[in-house]
Amino acid sequence: MANYSSKGSGRGKSAAFVSKSYSSTSEKQSFDDDTARDTTRLPDKMKTPQINQDEKPFLQQALSMDNGTYASVRSNEAIHNIEIHSDQSSFLRWTIALLLGGTAVGIAAPKNPHLPSPMWQLLSSIVGYTYFLAWSASFYPQIFMNYYRKTTRGLSCDFCVLNVLGYVCYTAYTTNFYWNERIIAEYKQRMSGIDVDGGTKQSEITVQGNDVAFAIHALFMASFTLSQIGMYDSFISRPPSRRVYIVLVCTFAFCALYILSTWIYEGRIDFLGFLYVLGTIKICVTIGKYVPQALLNRSRKSTVGWNHWNVILDFTGGVLSLLQLVGDCADMGDWNGITGNPAKIALSLVTICFDLIFLIQHYILYPDVDDHHTTYAPLPNRN
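Residues numbered from 1 in each chain as written. Predicted model: local features only at pLDDT ≥ 70, side-chain atom pairs only at ≥ 80, totals over all residues. Heavy atoms only, no water.

**Q** Got a minute to help me understand the overall build of the protein chain in this structure?
**A** Tallying secondary structure elements over the protein chain gives 13 helices and four strands in all. Looking at the protein chain residue by residue over its 383 residues, the buried ones come to 41%. If you take every contact in the protein chain between residues at least 6 apart in sequence, the share linking residues at least 24 apart comes to 77%. By element, 64% of the accessible surface of the protein chain is carried by carbon and sulfur atoms, the whole surface being about 21600 Å². (Helix = DSSP H or I, 4+ residues; strand = E, 2+ residues; numbered from the N terminus. Buried < 20%, exposed > 50% of the residue type's maximum accessible area, 1.4 Å probe, protein only. Contact = heavy atoms within 4.5 Å. Areas by Shrake-Rupley, 256 points an atom, 1.4 Å probe, with all protein chains shown as cover.)

**Q** Just checking my understanding: could you explain helix α8 (residues 209–232) for this structure?
**A** Since one α-helical turn is 3.6 residues long, residues separated by three or four positions face the same way. Between the first and last C-alpha of α8 there are 35 Å, a value that for 24 residues agrees with the 34 Å anticipated at 1.5 Å per step. Positive backbone phi, at 75 degrees, marks S234, one or two positions downstream of α8. (Expected span 1.5 Å × (residues − 1).)

**Q** Help me out: how do you make sense of the packing of helix α6 (residues 157–179) against helix α10 (residues 271–300) in this one?
**A** To describe two helices that pack against each other, one gives the angle between their axes and the distance between the axes. Contact geometry of α6 with α10 gives a least axis separation of 8 Å together with a crossing angle of 155 degrees. As summarised for this structure, α6 and α10 are arranged roughly antiparallel, according to the angle between their axes. Pair α6 / α10 crosses with left-handed handedness. Taken together, the residues of the contact of α6 with α10 break down into 17 nonpolar, six polar and three charged. (Axes fitted to C-alpha atoms, helices over the stretch in contact; angles between N-to-C directions. Parallel < 35°, antiparallel > 145°, perpendicular 65-115°, else oblique. Left-handed = near helix turned anticlockwise from the far one by under 90°. Nonpolar A, V, L, I, M, F, W, Y, C, P; charged D, E, K, R; others polar.)

**Q** Would you explain the nonpolar core in this entry?
**A** Considering soluble globular proteins, one finds that nonpolar side chains tend to be buried as a cluster. Membership of the largest hydrophobic core comes to 58 residues, with the highest contact counts inside it found for Y170, F177 and F214. Of all the secondary-structure elements, those providing two or more residues to this core are α4 (118–137), α6, α7 (181–191), α8, α9 (242–266), α10, α11 (308–332) and α13 (342–365). A total of twelve residues in this core trace back to one element, the largest contributor, which is α6. Here F214 is in contact with Y131, F132, W135, S136, F139, Y167 and Y170, once residues within four sequence places are set aside. (Core = buried A, V, L, I, M, F, W, Y, C linked by side-chain atoms within 4.5 Å.)

**Q** Explain the packing of α4 against α11 here, please?
**A** Where α4 contacts α11, the two axes come as close as 8 Å, and the packing angle between them is 155 degrees. Between α4 and α11, the angle falls in the class roughly antiparallel. Helix-helix and strand crossings are classified by hand; for α4 and α11 the assignment is left-handed. Two secondary-structure elements touch here, α4 through W120, S124, V127, G128, T130, Y131, A134, W135 and A137 and α11 through L313, D314, T316, G317, G318, L320, S321, L323, Q324, G327, D328 and D331. Broken down by class, the residue content of the contact of α4 with α11 amounts to nine nonpolar, nine polar and three charged.

Listed below in structure tokens is the structure:
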């Protein structure tokens, strides 16, 4: 028989358990029924509230997990915290390296003799080569990511093709403005004006050595990134879209038509005008190449495969490139350097705008998907 004592409390009794030793199942059932009846007669404030499973606090949900699930959640949280600290330390290291490297190269490199202020000659060289290092370094995170993942999925093939086309145009643009004496003389003649004293004022070209170094390096790196699609995924499985082929055909046709028309109407080829055509193509391609990548990120709801360090370095280079151009024009007191170098300023502005979009996608819109948590199997080998 069950041994317990009870007390009457006006509206009912509340069982106080002392000890129990049931002689049969029926006695245990009788005790349970009595306890249930006593509980229904308790005041509402003394009853144990019923907690909805969906409304459980996080800690209570965690305690209800099995050991394996709880350990997995804690492991993912630890990895996420480590990656945040790793990103912060990497950003600090990159910043220090760029500043030190840009300062060292800027001091050692030849200065622009057309800048009247010796102090700005030095600062312009430092800013210019810092942007050169930032923009040049922006290619490497994507290349190494493709290498370690053994795939380029997540990286737009259209972006890569248009990137190469743009840097072909930009390399031809900068190298001719920097080294071609005929182009330099023609530029000064076309951009010359009347100064405040009534004399002739010649405008100086604002293309500098760091612009040329960046363009040549960027062309090689963009070409290598494009070749990685063929190495890891093949162009058969990841071909450029039809729109890209249309852009390529229209670009070559327009360049040929411009050369032919100037030769027919002027009796010579307008090489300076042709370089401005190439600069305009570079600007349009820069806008066009970023759009497919932004749309790809949006459709996948993820930035996996698109390295965010590439974007951060690209953004840094764009800001510094714009700073150098504006500072050079202000120091010379000649704002024709901006209108006479439209490719550089437009490239900086477009780069800054799209990099801000990519950073918003990576850190705000799609922050939960991380490169290290997503695995990719290589595409089948198609020989």
